[in-house]
Every structure is written in C-alpha cells, then in structure tokens.
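Per-entry structural report
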Amino acid sequence: MPAAAAWLAAVAWVAGQVGWEGVAVGLVLSALVAVPIVGAFLWLDRWERERPRRLVSAFAWGASFAAFCSIWSQEGLQALADTTMGADFGAWFRPLVITPVTEEVLKGLFLVWLLICRREQITGLLDGVVYAGLVGAGFSFTENILYFGRIITTFAASDAFDAIALLGASFFLRVVMVPFFHPLMVAVFGLGIAAAANKRGRGARVGLALAGLLVAIVLHGAWDWAGLAGSDPLLIFKIYGAVMVPVFLAMLVVALVLRNREGKMIVAALPALARDGHIAPEEVALLANLAERRRWRRDVRRRSGRTAARATGRYQAEASALSIRTIRAQTTADRDGVDERARATAAARADMLDALAGSVR
C-alpha cells in the first residue's frame, strides 16, 4: 500500500509536467520497454529463483519510493543550489552531482536493507545483480513515463517534422541506447552489496558496499555530464562508446559467467545433498537440469494444481540455495548460512509434499 501511494504520487507529479494524456501513452510505451528488461533479469535467476514477493518488492521500490523521493529531492536541491550558488552553477551541478547521488543512493537503499536485514538471502554475486537490476528496471519504468509523455506532449504542440525528429531521437536514446541504464548503474552497486554479504567483518562489508555505490555514482555522473553536450554535441556518443558500452558488455559477461558458475555449483553439490538426506536421490537428476525442473513443475501443475507447482518451485529454489552454501562451505570452510538453508529446504520440501498430498485428497 505505501509503495502504491508513492508510485501514484510520482505519477501525479509526472502528470503535472506532461498531462494525463502523456501519462497514459507514456505508461504503455514504458511498459513495453520494461517487460524485456525484467525478463532478462528473471532469466539470470532461473537456477536459484528468489522469492517472487521479494523480486516484486525490488521492482516496486525502484518504481515507487526511489522514483518519488528522487523527484522531490532533486527539485529541492536544485532550488537550493540555484538560490545559494546561482542558476548557472545549478545547471551543471544537478546532472553532475545531484541527480547521480540522489538516484543511486535511493535506488540502492533496497539493497542496503537486504544486506542489513536479509543478508542470508544473498547467496552469491548474481543475487546482487538480479535484485539491483529489478530495482533499476522499476525506476526506469516510472522515469520513462515522464520522458515518453513529454515526447507525446511536444509532438502534439510542434509541427509534424520537428515532432517526428524529436520522437525518433528520443526513442533511439531511451529504447536503443540506454534501456538498461538504470539497471546497469544499480547492478554495479548490487555487486558491491553481494560481495559485502559474504564478508564477516563490518569494515569489509561497509567498504565493499561504498565502493560499489561510488562507482555507480561516477558512471551515472559521467553519462549525465555528457548529456549537457555544451560545445560538443557528439560528446554523449563519445561517452556512450568509450564508457557505457564497455561497462555494459563487461557487466553482461560477468552476469553470464556468474549464472554459469552458479549452475555448476548447484549440480556439483546435489549428490552430497542426497547423501545427507536433504533431497531425495531420485530428485538429483531433476534438479540438475533447468529443462527437467521446468518439466517437473509443469507436470505437478497439470496433476495437482498451481499451489503444488508453486511449492515445487520454492523447493527447487531452496535446494539450489543450499547447494551453493554447501559448495562454499567445502571450499572456504565457512558454514555461515548452511544450517539455515538446510532447515529452509526441509520446510520447503514438507510444504511441497503437503501440497501434493492435499491435491490427492
């Protein structure tokens, strides 16, 4: 409910800028951009699926509280900078400092909450990327309503040639060049948070988290600074080619490597989990292959219904998390979180069996 109120407040502010007609069109266009981005991060998460409610919470935080607070804090800080330092100072201070700091900090607060209150849920670096990516996707969703709505408003008020040129340029920028901008920025912070989650010392955790946040702020500031153009209208494309594309490709490679490594860790640990009684021996082959997992859930849904299928998916995810913790304990002698994950796996398996039994009765 608070998230919905914050999102509606942000959308109401956007409507004040572009009108409700702009919001209506911008909402549709923004959703079309957001769906494949969200799908990409959910695909990365297939081996060890996080709880759906928490994934939705990550997206909702970015789309509501982070977006709403960013809008109002930037407006207030801009007014303060203009009043105290002059409008010329505020014109470059906002994109270079105010916007990147407020947006990256506010988006990242969800990750900080995870680190402080749900650290046991972060089993590896990929979790940080997935949660952060969904926060960024939510933020982009709300922000793009403003940008697309502004395009539509300008389109209606301009002559046809100028309107089409603006629409094409804006569409190219928001959909082709930087659809992953906010997810990418906060994913850098997410890597720092996930790395911090696996450190025992408070100093190491704080240092890694701050390092991720600082890199995200610097990258964001560099991009917004390039957008000022100034005397070089091609500067934004130079920064895009020299900075943004390499960073995006590096993050893409990192995410794919982490996903592949996560799958191998899970497969390697399954025989030990069966030996120790955490999973049934006949489930090893089913859990060792994503296609078999999907077929397992589909068969359960067909025979026993959606509730049993969801319980089966939850059990699969908990078994994966326990596998990752087990491999980490074997390689580092750090058993932090293993017992908790073992209990969670046992509880998830009991829920699955209860759901299956209930469907038979």
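Higher on the page you've got the structure.
Notes on the structure follow.

A word on empty space enclosed by the protein. If a probe the size of a water molecule is rolled over the atoms, the empty space left behind becomes visible. As enumerated under the stated definition, the model contains two cavities of 30 Å³ or more in all. For the lining of the largest cavity, the per-class residue count stands at one nonpolar, one polar and seven charged. Within this model, the second largest cavity holds a volume of roughly 40 Å³. Along the walls of the second largest cavity sit Arg46, Trp47, Glu48, Arg49, Arg293, Arg297, Gly313, Gln316 and Ala317, which together make up its complete lining. For the lining of the second largest cavity, the elements supplying multiple residues, two or more each, are α10 (290-304) and α11 (306-332). Here the lining of the second largest cavity takes three residues from α11, the largest share from any one element. Considering only residue class, the lining of the second largest cavity consists of two nonpolar, two polar and five charged.

Looking at the second largest pocket, its volume works out to about 530 Å³. Considering the residues around the second largest pocket, the lining is formed by 19 residues, among which Glu50, Arg51, Pro52, Arg310 and Arg314 are closest to the centre. Counting only elements with at least two residues in the lining of the second largest pocket, the list comes to α2 (52-85), α10 and α11. Considering every element that reaches the lining of the second largest pocket, the biggest residue donor is α11, with six residues. Of the residues belonging to the lining of the second largest pocket, the class tally is six nonpolar, two polar and 11 charged.

Its place among the elements puts Gly128 in helix α4 (residues 125-157). Look at Gly128 and you get buried, because its relative accessible area is 5%. Aside from chain neighbours lying at most four places away, what touches Gly128 is Gly190 and Ala194.

What follows deals with the pattern of salt bridges. Tallied over the entire structure, the rule returns nine salt bridges. With its nearest N and O atoms 3.6 Å apart, the salt bridge here joins Arg314 to Glu318. Of this pair, Arg314 and Glu318 both sit in helix α11, four residues apart, which is roughly one turn of the helix. Each of the two residues, Arg314 as well as Glu318, counts as buried.

Here we take up the nonpolar core. Among the nonpolar cores identified, the biggest contains 48 residues, and Leu44, Phe110, Leu111, Tyr131, Ile193 and Trp223 are the most heavily contacted of them. Sorting the residues of this core by element identifies α1 (2-44), α2, α3 (87-117), α4, α6 (181-197), α7 (202-227) and α8 (235-275) as the ones contributing at least two each. For this core, the element with the highest residue contribution is α6, accounting for 11 residues. The contact partners of Tyr131, leaving out residues within four places of it in the chain, are Glu50, Arg54, Leu55, Ala58, Phe110, Leu111 and Leu114. Formed by 26 residues, the second largest nonpolar core is a distinct cluster that contains Leu270, Ile279, Ala311 and Val338.

Moving on, we come to the packing of α3 against α6. Relative orientation of the contacting elements α3 and α6 amounts to 30°, with a least axis distance of 10 Å. Considered as vectors, α3 and α6 are oriented roughly parallel to each other. Both α3 and α6 take part in a crossing whose hand is right-handed. Here α3 contributes Glu103, Glu104, Lys107, Gly108, Leu111, Val112 and Leu115 to the contact with α6, which in turn contributes His182, Met185, Val186, Phe189, Gly190, Ile193, Ala196 and Ala197. Grouping the constituent residues of the contact of α3 with α6 by class yields nine nonpolar, three polar and three charged.

For the rest of this paragraph, the subject is α10. Between its first and last C-alpha atoms α10 spans 21 Å; for 15 residues at 1.5 Å apiece the expected length is 21 Å, and the two agree. What α10 keeps buried is the set Leu290, Arg293, Trp296, Arg297, Val300 and Ser304. Viewed along the axis of α10, the buried residues span an arc of 120°, placing them on a single side of the element. Exposed and facing more than 90 degrees away from the buried side of α10 are Arg302 and Arg303. Its side-chain oxygen 2.8 Å from the backbone nitrogen of Ala291, Asn289 forms the N-cap of α10. Two residues or fewer after α10 comes Gly305, characterised by a positive phi angle close to 100°.

Residues Arg49, Arg294, Arg298, Arg301, Arg306 and Arg310 make up a contiguous surface patch of positive charge. Only α10 and α11 provide two or more residues apiece to the positive patch. Sort the elements by how many residues they give to the positive patch and α10 lands first, with three residues. Topologically, Arg294 is positioned in helix α10.

Cut-offs and rules
Residues numbered from 1 in each chain as written. Predicted model: local features only at pLDDT ≥ 70, side-chain atom pairs only at ≥ 80, totals over all residues. Heavy atoms only, no water. 1 Å grid on protein atoms, 1.4 Å probe; cavity = no way out; pocket = protein on both sides within 12 Å on 5 of 7 lines; lining within 4 Å. Points joined across faces, edges and corners; volume = space filled by probe spheres on them. Nonpolar A, V, L, I, M, F, W, Y, C, P; charged D, E, K, R; others polar. Helix = DSSP H or I, 4+ residues; strand = E, 2+ residues; numbered from the N terminus. Buried < 20%, exposed > 50% of the residue type's maximum accessible area, 1.4 Å probe, protein only. Contact = heavy atoms within 4.5 Å. Salt bridge = Lys/Arg side-chain N within 4 Å of Asp/Glu carboxyl O. Core = buried A, V, L, I, M, F, W, Y, C linked by side-chain atoms within 4.5 Å. Axes fitted to C-alpha atoms, helices over the stretch in contact; angles between N-to-C directions. Parallel < 35°, antiparallel > 145°, perpendicular 65-115°, else oblique. Left-handed = near helix turned anticlockwise from the far one by under 90°. Expected span 1.5 Å × (residues − 1). Arc of directions from axis to C-beta. Polar contact = N/O pair within 3.5 Å; in protein donor to acceptor, adjacent residues only side chain to side chain. Patch = residues over 30% accessible without salt bridge, like charges linked within 9 Å, V, L, I, M, F, W, Y side chains within 5 Å. Areas by Shrake-Rupley, 256 points an atom, 1.4 Å probe, with all protein chains shown as cover. Lys, Arg positive; Asp, Glu negative; His and termini not counted. Charge placed at Lys NZ, Arg CZ, Asp CG, Glu CD.

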